[in-house]
Amino acid sequence: MPNEETITIQRLLDPQSSAAQQRAALRWLADYLEQGYILNLRPSRDLLRGLEDFAAQAQGDAALKKRAANLHKKYRPR
């Protein structure tokens, strides 16, 4: 897994991150997933697990959690 991907996932899951930081991390991950999709690359398990974990958190912005759940659903392997 690329280092930047790992750092971004950690920023997304960090309870100390602000909503703006999580929004930026989620935006970066969405772009990263889209680029991988265009290049016909499978998303990493850690990335999908991070999106799933973020969507399942009890606390946090509901819109961001919904976006993470939608990204997970859209890009998970079938």
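Please refer to the structure higher up on the page.
The shown structure was predicted, so the numbers you read here are calculated from the model rather than taken from an experiment.

### Comments concerning the pattern of salt bridges
Taken as a whole and judged by the stated rule, the model has one salt bridge. Across the pair Asp 46 and Arg 49 runs a salt bridge, and its minimum N-O distance is 3.0 Å. Taken together, the residues span about one helical turn, with Asp 46 and Arg 49 both in helix H3 (residues 45–56) at a distance of three residues.

### A word on unusual backbone geometry
Despite not being glycine, Asn 40 has its phi angle at roughly 60°, a positive value. Within the secondary structure, Asn 40 is located in the loop between helix H2 (19–38) and H3. For Asn 40, a relative accessible area of 70% corresponds to the exposed category.

### Section: H3
Spanning twelve residues, H3 covers 16 Å between terminal C-alpha atoms, matching the ideal 16 Å at 1.5 Å per step. Taken together, the buried positions of H3 are occupied by Leu 47, Leu 48, Gly 50, Leu 51 and Phe 54. Here the buried residues of H3 occupy an arc of 160° about the axis, which is enough to place them on one side. The exposed residues of H3 that point more than 90 degrees off its buried face are Arg 45 and Ala 56. Where the residues of H3 are buried, they touch helix H1 (3–13), H2 and helix H4 (62–75).

Rules of the game
- Residues numbered from 1 in each chain as written.
- Predicted model: local features only at pLDDT ≥ 70, side-chain atom pairs only at ≥ 80, totals over all residues.
- Heavy atoms only, no water.
- Salt bridge = Lys/Arg side-chain N within 4 Å of Asp/Glu carboxyl O.
- Helix = DSSP H or I, 4+ residues; strand = E, 2+ residues; numbered from the N terminus.
- Buried < 20%, exposed > 50% of the residue type's maximum accessible area, 1.4 Å probe, protein only.
- Expected span 1.5 Å × (residues − 1).
- Arc of directions from axis to C-beta.
- Contact = heavy atoms within 4.5 Å.

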